[in-house]
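Working through the structure, step by step
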Amino acid sequence: MASGGANYRNGTQRNSLKGTTTATDRQLSMNSNPSKAALKNKSLSSVGASSGLRKSSPGSLGGGTAKDDAGVPGRVRVAVRLRPRNAEESVADADFADCVELQPEFKRLKLRKNNWDTDTYEFDEVLTEFASQKRVYEIVAKPVVESVLDGYNGTVMAYGQTGTGKTYTLGRLGEEDTADRGIIVRAMEDILADVSLESDSVSVSYLQLYMESLQDLLDPTNDNISIVEDPKSGDVSLPGATLVEIRDQQSFLELLQLGEAHRYAANTRLNTESSRSHALLMVHVKRSVKGRELAHSSQNGNSTNMAKSLRPTLVRKGKLVVVDLAGSERIDKSGSEGHTLEEAKSINLSLSALGKCINALAENSAHVPVRDSKLTRLLRDSFGGTARTSLVITIGPSPRHRGETTSTIMFGQRAMKVENMLKLKEEFDYKSLARKLDIQLDKLIMEHERKQKAFEEEIERITTDTQNQISEAERNYADAMEKERLKYQKDYMESIKKLEEKWMMNQHKLGERKDQMASTAEEVAELQKLLSKETSLRKAAEEEVNNLKSQLAQLKMSEASANSEILKLRKMLEDEAYRKEKLEGEISMLQTQLLQLSFEADETRRRLDRGGPGKVPGGLDSLISQVRPQVNDSVNEEKASIANLFEQVGLQKILSLLEAEDADVRIHAVKVVANLAAEESNQQKIVEAGGLTSLLLLLGSSEDETIHRVAAGAIANLAMNETNQELIMSEGGIRLLSITAANAEDPQTLRMVAGAIANLCGNDKLQNKLRGEGGIKALLGMVKCGHPDVLAQVARGIANFAKCESRASAQGSKTGRSLLIEDGALPWIVQNANNDASPIRRHIELAVCHLAQHEVNARDMITGGALWELVRISQDCSREDIRTLAHRTLTSSPTFLAELRRLRIDY
Ligand code: ADP
Ligand code: MG
């Protein structure tokens, strides 16, 4: 019984059914070296045992014996893998059963022919849609990789319809989830783990085969690589292909990505899809084998020890070829997708040649046409001898592709060289249990692999952390030890010195006493004892004193630094307090000044309003006169006090308050600025100090209606000056005013905005820009408010604009229809030309006259009904100058005169 990677169903058993030996087997055994074959089988069964994967039950078809495996070492092993339903199939095939049913426990696949009939096929391994990538690798590729490491050639191929998972099975990099890694990545991991980088080498080539031309995916300029076959050994090589030596997994992954990018670029250039080409990865493994090892593995039992030690180092070469074949559907559908038959043949040549070779091998044919295509020439050394070849056929579940799935299964069957099995009628009630367990097992395998990876990373991290901590602690410990040692040495030396001194002194005294009292030796001994006691006491005392002294010094030092810190902080605190006090004083002064100022300003306005609108006709200057103080005594006083404040507080400071945090302060400040702006003599100073810019900014940033009204009024006043008009335009004033108008509810705000735009309308140079930025539209938009003050300003703006246009046309700098007409002002003009309110009427009448002076406008004026207004103005207008102007305009226009004649009106 074999397990995991080695449990392919064996050929001997199969052959015994037919009672003959197949050509495949014959050919294989002809080419194979019995000792190598035996070695390989040994290694394969050991792989199976160590992989710890699930084992087939002894009774199952897949469960072979050691003898079975030894029987056909080179037989192509075939596994079938079913792709799960994809999103599209889950929807489109929701009401249909899958076209196949897998019985992995019996290694069988049932292909549904219709609702009541199925065909059953047997494979070396049946991989359900739940099979993990790890298990697929271990079953399909691991035995092949093991034998490559042992010095044989190995091939892993994936065959199947496009979209069934060939590339998923072979080529997944698994960068996001390690459990997703495909066969190629896992194979290289196993190879790198097994070889020694000092003595062995691993190198790869990566190629694409398309329309019988072999392209180097590692060097796109190299696109016609030739295949060289050694006539003696039968070895196939590609001397022209780039070979890159691999030292670590990361550089291999980068190489694969590079190859993939080149493949994409090449396919874009050739206008093909990768599903039409074959991708081939070749891994060359060279290992040096020590004499002893070689002798051991050669199974030559009688080599002497001497012979063993004399053996030179040998190199063992193995080649792994991984082939992601072109989509199998091309065989049946050649000629589709706009290819000529020749092209289609060429695209599929290699794949059909592969099929023919497989058939020939399976049918025991005398001639195997390996030379028919590049692919079969390349794979020549994969089909026999000591090579180990694995084929994974991939299928999808959809009943819509039953045809493709059937042909894929048949290909796999031929590759295995088995006939369809008898239909199985019996059902097994433990089938579903086994299936469930299978799914669980695969999930667990995936989970385990993920966890193990995470666990290993965690362990590695903890190990480095701990090592760092240990070495840090060791360093600290060594430092402390050294310091301690030095200190003790010093203390020791000092006490020795002192003892010596004392000893000398006592000796001296002793001598004296000896002389004087001639005391006995006992007394001397007594004294000596006393002396040593004293010495030790003294030493202890001295140590104590030293200790205390150093403590004292430390305490003093820290106290001194704390004191200076406190002093510094206290000083800072005082400074801060002083500064705060000063600022508070300044703020309160400013606030009182502001309050006073705004009070005065409100007063002024109230007084102005009382004598203001109504009396003053809505002429060009009306707005100014409404906002600007009239000259009388009390106003003169106001002016004086404002001017006073202006000087006291400083313009800059007032302007800076426009950006104050406090909304009230901002409102007061804008009122003050508006009052200052009403005075012509202040205007230039305000603009120079950036006041106009600040007002525009405020208009854009504030949500407050009062601020909008007052700021717009101030801007309107500043907009009387030509330079300021240009500045307003260049700072996006029209846009800001339009937005303000659109959001305003208060007619007074609208009046201010309209007044500002009306002033801008009177600038000859700004006509086009103003219109381009929506100035005229904004004006017209405001008429829906209906308030006569607003309408008067709109009318004034239109009159101003018409006047400028008329001037420009007369000078020849403007041609074409009036922009007012272009922007749809005419209906409103006609409607209000005879408005009851005289400020509105007067401006519109003027506008009509200006428009009428240009023949280009005449047609529109006639269709819009403006001709009748012109006739009325020329007859009824209370102002004689306008009446005359209208009359003159009318009689000098051929279009108007012709229209009057057409209507038989005598004029
Ligand atoms: P092929 O190479 O045969 O044309 P792909 O490998 O590109 O097919 O697979 C087609 C699609 O199906 C891809 O989106 C792939 O991720 C998905 N797929 C294939 N096999 C599986 C599988 N076993 N499990 C999940 N998704 C799969
Ligand atoms: Mg693919």
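Reading the values: the criteria
- Counting from 1, residues in each chain are numbered in the order their sequence is written.
- Each chain is given a letter, starting from A, and each ligand a number, starting from 1, according to the order in which they appear as written.
- Reporting of local features is limited, given that this is a predicted model, to residues whose pLDDT is at least 70; pairs of side-chain atoms are given and counted only at 80 or more, and all residues count toward the totals for whole chains, interfaces and linings.
- Heavy atoms throughout the structure, all of them, feed into the side-chain values; hydrogens and water do not.
- Should DSSP find at least two bridges between two strands, the strands are taken to pair.
- Runs of H or I in DSSP of at least four residues are treated as helices and runs of E of at least two as strands, each being numbered from the N terminus.
- Each axis is a line fitted through C-alpha atoms, and for a helix only the stretch in contact is used; angles between axes span 0 to 180 degrees, taken between their N-to-C directions.
- Think of it in three bands: with a 1.4 Å probe and only protein chains considered, a residue is buried below 20% of the maximum accessible area for its type, exposed above 50%, and partly exposed in between.
- UniProt positions are given in the numbering used here, feature names are shortened, and annotations may be inferred rather than shown by experiment.
- A pair is scored as a salt bridge if a Lys or Arg side-chain nitrogen falls within 4 Å of a carboxyl oxygen belonging to Asp or Glu.
- In plain words, nonpolar cores are sets of buried Ala, Val, Leu, Ile, Met, Phe, Trp, Tyr and Cys residues tied together by side-chain atoms within 4.5 Å.
- The contact rule is simple, with two residues in contact once any of their heavy atoms fall within 4.5 Å.

1. Remarks on the sheet that holds strand S2 (residues 100–103)
An order of S2-S3-S4 is seen for the three strands of this open sheet, with the pairing classed as antiparallel. In this open sheet, the two edge strands, each paired with only one partner strand, are S2 and strand S4 (118–122). Here the average twist between neighbouring strands, direction ignored, is 20°. Inspection of the sheet shows strand S3 (residues 108–112) paired to S4 by five bridges, in the antiparallel sense. Pairing of Leu-109 across the sheet is with Tyr-121, part of S4.

2. Side note on the pairing of strand S1 (residues 77–82)
Judged by how many residues are buried, S1 sits mostly within the fold: six of six residues are covered. The alternating pattern of S1 places Arg-77, Ala-79 and Arg-81 on one face and Val-78, Val-80 and Leu-82 on the opposite face, and all of these are buried. With three bridges joining them, S1 and strand S5 (residues 125–127) adopt parallel strand pairing. Bridge pairing links Val-80 to Val-126 in S5.

3. Overview of the pairing of S3
Among the five residues of S3, four are classified as buried, and the element is accordingly described as predominantly covered. Counting the residues in the hairpin turn of S2 and S3 gives four residues, including Lys-107, whose phi is positive at 55°. Counted along the chain from S3 to the antiparallel partner S4, the turn is five residues long.

4. A closer look at the UniProt feature "coiled-coil region" (unreviewed entry) in the protein chain
Per the UniProt annotation, the sites labelled "coiled-coil region" (unreviewed entry) are residues 445–483 and 524–600. Split by type, residues 445–483 is 100% helix and 0% strand. Its first and last C-alpha atoms lie 57 Å apart.

5. A word on the pattern of salt bridges
Tallied over the full model, the rule gives 45 salt bridges. Of the charged contacts in the structure, one is a salt bridge between Lys-113 and Asp-117, with a shortest N-O distance of 3.6 Å. Residue Lys-113 is classed as partly exposed on the basis of its relative accessible area of 40%. What makes Asp-117 buried here is its relative accessible area of 18%. Between Glu-229 and Arg-371 there is a salt bridge, with its nearest N and O atoms 2.9 Å apart.

6. Quick look at the nonpolar core
Within the largest apolar cluster, 93 residues are counted, with the highest numbers of intra-cluster contacts made by Met-782, Val-794, Trp-828 and Phe-896. Apart from residues lying up to four places away in sequence, Val-794 is in contact with Ala-754, Leu-779, Met-782, Val-783 and Trp-828.

7. Here we look at the UniProt feature "binding site: ATP" (unreviewed entry) in the protein chain
Mapped onto the present numbering, the UniProt feature "binding site: ATP" (unreviewed entry) falls at Gly-160, Gln-161, Thr-162, Gly-163, Thr-164, Gly-165, Lys-166 and Thr-167. Relative to the helices and strands, Thr-162 is located in the loop between strand S6 (153–160) and helix H7 (166–171). We classify Thr-162 as partly exposed; its relative accessible area is 36%. For Thr-162, the contacting residues outside a window of four places in its chain are Ser-275, Gly-327 and Glu-329. For Lys-166, the location among the structural elements is in helix H7. Among the residues examined, Lys-166 registers a relative accessible area of 6% and is labelled buried.

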